[in-house]
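One-letter residues, chain by chain:
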Amino acid sequence: MQLIKDGAIIADEWTALADEDALPATGPVIVSLDRFKLEQNLLLARKDKLGIRLKSGEAPEQIKDFLDRLALVALEFPAYRNGRAFSYAYLLRERYGFKGELRAVGAVLRDQFNYLARVGFDAYEVRDNITPEIFKLSVSAFEHDYQPSADSKPAVLSLRQRRLAAQKAT
Amino acid sequence: MAQHSRKGAQFQAVTANRLLDGIVVYLTKNDDWSESLQDAEVAEGKEAADALLARGALFFEPKNLVIDVYLFEVEQTDAGIRASSVREIIRQAGPTVRKDLGKQAELDGVHA
Amino acid sequence: MYRYDEFDQQLVNERVAQFRDQVTRRLAGELSEDEFKMSRLMNGVYLQLHSYMLRIAIPYGTLSSRQVHKLADITRKYDKGYGHFTTRQNLQLNWPALKDIPDLLAELASVEMHCIQTSGNCIRNTTSDHHAGAAPDELEDPRVICEVIRQWSTFHPEFSFLPRKFKIAVSATEHDRAAIRVHDIGIQIVKNAAGEIGYEVWAGGGLGRTPIIGKKVGDFVPREDLLAFLESVLRVYNMFGRRDNLYKSRIKILVHEVGADEIRRQVAAEFKEVKARGTLQLPEEEVARIRKYFAPPEFETLSDDVPEINAAAAKDKGFADWLKSNISAHKQPGYTIVNISLKPVGLTPGDCSADQMDVVADIAEKYAFSEIRVAHEQNLCLAHVRRKDLYEVYTALKAADLGTPNIGLITDQIACPGLDYCNLANARSIAIAQRLSERFQDIEFQQKIGRLHLNTSGCINACGHHHVGHIGILGVDKKGVEYYQVTLGGAADETAAIGDIVGPAFTEGEIVDAIDTIVKIYLDLRQGDEIFIDTYRRVGVQPFKDKLYAAH
Ligand code: SF4
């Protein structure tokens, strides 16, 4: 496994804690929602960055009040066919305004990066055979998109509006 | 993988679809794949069948020549090898509603 | 009809390039079948019994003559010279080679066509009334909003990996020819007291293992909010739809399990948020842009009264029969809708040869503004034909074996590919449909029976819509042998109903006689000019049960 963030392979500074692992004194950690609920005060009192990992059935609404204290949210894909986290990601970005790292973990395929990036993911735990070139190929497969999502690209709808405005102006 | 043999089937052969064009093929004695059921190697008994399937599965991965490799039940008759289920009879012949298409139009030894 | 602008075209071209790359990687072994499967399934490529199958999208069933000529060419070049029109108004090719599909897609793209999202757990081709733009009682052309939905749903980043496939249908007339109540979402175009157009939204209908009629979840969604509303329904489904069991993953199960009221509440809450955000508000200019493409053709001022037609009908019995069943009323005087049957006696329902495609495209060019429609009943349709041209159109169709006068009659059957082609099938459906059409081929007898929808599916997936046939036949497998279960009383229109199982299944040898018996029972019981479904609704299943099984 390796981490792709903002299109490049980078070293992972985060420690993903299993529920039974002892909490290290320092360093950024990612914990499960269960653990966060149990040890909320302890975790929020640490100086280092905190991340929460949500399972496929755990809607982000449950953490929306803590988002400004979180530097990372990891969303699990138990199988590549399970697209629930696409909605979670969209909601985290667009409705709850989460600005930290949004990380996809679990089963994602190389031809899904385009969709993942559009709903707001910026980091991916991927298999070692995924290179930055492959990643780039996938996210740049389509120059424009029909519908608005959580990325900054203007949708075709607004491009058409612009074209119309330009035509009117001339 | 789909189940296409009765439990305790005596004779079985291995079939798959060719990766390039999807055409139905059968595993032969020489580890080739033939379009004709008549060329299929027939395994008797469970052990031989499992060994045949294992040989065939290699052509899915790693050899990457066929997909959807599985065992199915056949009968040995004087007229040759016959598939037992309606499904496999149709696969070795072609659509029953278009006799001009598929193996029934191209090969000898298919049966209805 | 709609024409691509540079954005539409670029997107489809990019898709061809992407799929070409995926196929290359697959054939080189860089991509495992498991990984590739997702990509090919998002692009309509299945593995069937004999070969791959490619499903070509025909958005809301509308095609130009140019496109139909191209489809004919493609079936000759890459397939075996024919195609199969489906109940989703799409076209299936039964024999393409995987290695050729990228080239095939490039040819489709050259006539503004594609296979995007014709399979996979995503939003599928939006279907509609094949009489769109011509039906007299239509509130607006439903294809305008279908095209809006097509674009919004294409590569939707959030809704491309749903729990299961998702089908949307739109109807703009009270008489529902698009079967909206048995879709994941059905949209009925309505008008409010103020005369404004809006959308009544139904959700959670569907066939398959658990057939359910949809529930109304939106009474009057204004046009500008339609996408926001659809997005709300889809988001609720994507977040809460079941993913643990293939047979419980359609939205119908979610609606059924949590209840229609709760779904309405959740959708309304989500809709409030989406609407407040405003990014999905549909600009009137965009609707106007699309609507321009669906403007009615330039009709001539003509009279409905065409004596030559009556004279021709008096001389040509085939033409007279055809006029009785294959013509529908048109909103413009002097014009009519011509329904082309793809159900000739003894052949495959929905199949059309390349030569026939060319003939239809030519006829459309000459007589019907170069436009062809696909009906979900697996027929074709010319939406705008001058009444005075009817005899010529009929003669040209008949010469290509496309003049079967049976639209709406018992031999106008829907049948899925079944075990003759389909990998999931339990039993053959086409073969049964053929034998039934042979049994009932006498056209006068068919006319005497009257309107009767006879639908056959080869397995519980119900692609042949058997649950909503007046008579439905479902193929089942009993230890490798084909059996057929019969349902009665289904309907797909505004009176949508799921058929009742009449009793134990019949063997392949018995099924045609069983249907024959059912028809005779109905003819005995019918009052006046009742059609089958009316009689059935009046008398119920019991008389059929009693006589059917007593006779066997
Ligand atoms: S109903 Fe079943 S047999 Fe028929 S096409 Fe669908 S999946 Fe295949």
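As shown above, the structure is provided for reference.
The structure contained in this document is the topic of the report that follows.

About the cut-offs
Residues numbered from 1 in each chain as written. Chains lettered and ligands numbered in written order. Predicted model: local features only at pLDDT ≥ 70, side-chain atom pairs only at ≥ 80, totals over all residues. Heavy atoms only, no water. Helix = DSSP H or I, 4+ residues; strand = E, 2+ residues; numbered from the N terminus. Rg over C-alpha atoms; globule rule 2.2 N^0.38 Å. Buried < 20%, exposed > 50% of the residue type's maximum accessible area, 1.4 Å probe, protein only. Near = heavy atom within 4 Å. Nonpolar A, V, L, I, M, F, W, Y, C, P; charged D, E, K, R; others polar. Contact = heavy atoms within 4.5 Å. Buried area = accessible area lost by both parts, 1.4 Å probe. Salt bridge = Lys/Arg side-chain N within 4 Å of Asp/Glu carboxyl O. Polar contact = N/O pair within 3.5 Å; in protein donor to acceptor, adjacent residues only side chain to side chain. Arc of directions from axis to C-beta. Axes fitted to C-alpha atoms, helices over the stretch in contact; angles between N-to-C directions. Parallel < 35°, antiparallel > 145°, perpendicular 65-115°, else oblique.

Within chain C one finds 18 helices and 21 strands. Against the 2.2 N^0.38 benchmark of 24 Å for 552 residues, chain C shows a C-alpha radius of gyration of 23 Å, consistent with a compact globule. On the principal axes, the C-alpha backbone points of chain C span a range of 60 × 60 × 60 Å. Relative to its 552 residues, chain C shows a buried fraction of 66%.

With respect to spatial proximity, the complete set of residues near the ligand consists of C:Cys416, C:Pro417, C:Gly418, C:Cys422, C:Leu424, C:Ala425, C:Gly458, C:Cys459, C:Asn461, C:Ala462 and C:Cys463. Classifying every residue of the shell around the ligand gives 8 nonpolar, 3 polar and no charged.

Turning our eyes to something else, we now look at the interface of chain B and chain C. Counting from both sides, the interface comprises 25 residues of chain B and, opposite them, 31 residues of chain C. Summed over both sides, the interface of chain B with chain C buries roughly 2,200 Å², with 60% coming from carbon and sulfur. On the chain B side of the contact with chain C, B:Leu20, B:Arg87 and B:Val97 bury the most area, a combined 24% of that side's loss. Linking chain B with chain C are 1 salt bridge. Linking C:Lys80 and B:Glu106 is a salt bridge whose minimum nitrogen-to-oxygen distance equals 3.8 Å. Applying the counting criterion to the chain B and chain C interface returns 9 residue pairs in polar contact (both at pLDDT 80 or more). Sorting the residues of the side of chain B that touches chain C by element identifies strand 1 (11-18), strand 5 (66-77) and helix 2 (86-93) of chain B as the ones contributing at least two each. With 4 residues, helix 2 of chain B is the single largest residue contributor to the side of chain B that touches chain C. For the side of chain B that touches chain C, the per-class residue count stands at 11 nonpolar, 6 polar and 8 charged.

It is worth spelling out helix 11 (residues 317-326) of chain C at this point. Residues and elements named next belong to chain C. Phe-319, Asp-321, Trp-322, Ser-325 and Asn-326 are the residues of helix 11 that are buried. Take helix 11 and look down its axis: the buried residues cluster within an arc of 160°, on one side only. Against the buried residues of helix 11 lie helix 10 (307-315), strand 11 (327-329), strand 12 (335-340), helix 13 (390-399) and helix 15 (443-449). With a side-chain oxygen positioned 3.0 Å from the backbone nitrogen of Gly-318, the residue opening helix 11 is Asp-316.

A few words now on the packing of helix 1 (residues 6-27) of chain C against helix 4 (residues 101-109) of chain C. Residues and elements named next belong to chain C. Look at helix 1 against helix 4: their axes get within 9 Å of each other, and the N-to-C directions meet at 175°. Classed by the angle they form, the pair helix 1 and helix 4 counts as roughly antiparallel. Counted together, Gln-9, Val-12, Asn-13, Val-16, Phe-19, Arg-20 and Val-23 of helix 1 and Ile-101, Pro-102, Asp-103, Leu-105, Ala-106 and Ala-109 of helix 4 form the full contact between these two elements.

Quick look at the pattern of salt bridges now. Opposite charge on two side chains permits pairing when their charged atoms draw close. A full pass over the atoms with the stated rule returns 77 salt bridges over all chains. Of the charged contacts, one joins A:Arg160 and C:Asp5 as a salt bridge, the two residues approaching to 2.7 Å between their closest N and O atoms. Here A:Arg160, found in helix 6 (residues 156-169), pairs with C:Asp5, found in the segment before helix 1, and the two come from separate chains. Its relative accessible area of 3% is what places A:Arg160 among the buried residues. Between C:Glu200 and C:Lys216 there is a salt bridge, with the nearest N and O atoms lying 3.9 Å from each other. With C:Glu200 in strand 9 (residues 197-203) and C:Lys216 in strand 10 (residues 215-222), this residue pair connects regions lying 16 residues apart in the sequence. Residue C:Lys216 is classed as partly exposed on the basis of its relative accessible area of 30%.

By a frequent convention, interface size equals the accessible area lost on bringing the separate parts together. At the junction of the two partners, chain A supplies 36 residues and chain C supplies 49 residues. Together chain A and chain C conceal approximately 4,000 Å² of surface at their shared face, both sides included; 54% is due to carbon and sulfur atoms. Contact with chain C buries area across many residues of chain A, yet A:Tyr115, A:Phe142 and A:Tyr146 alone supply 18% of it, more than any other trio. Applying the counting criterion to the chain A and chain C interface returns 10 salt bridges. One salt bridge in this structure joins A:Arg163 and C:Asp5, with 3.2 Å as the shortest N-O distance. The tally of links between chain A and chain C comes to 25 residue pairs in polar contact (both at pLDDT 80 or more).

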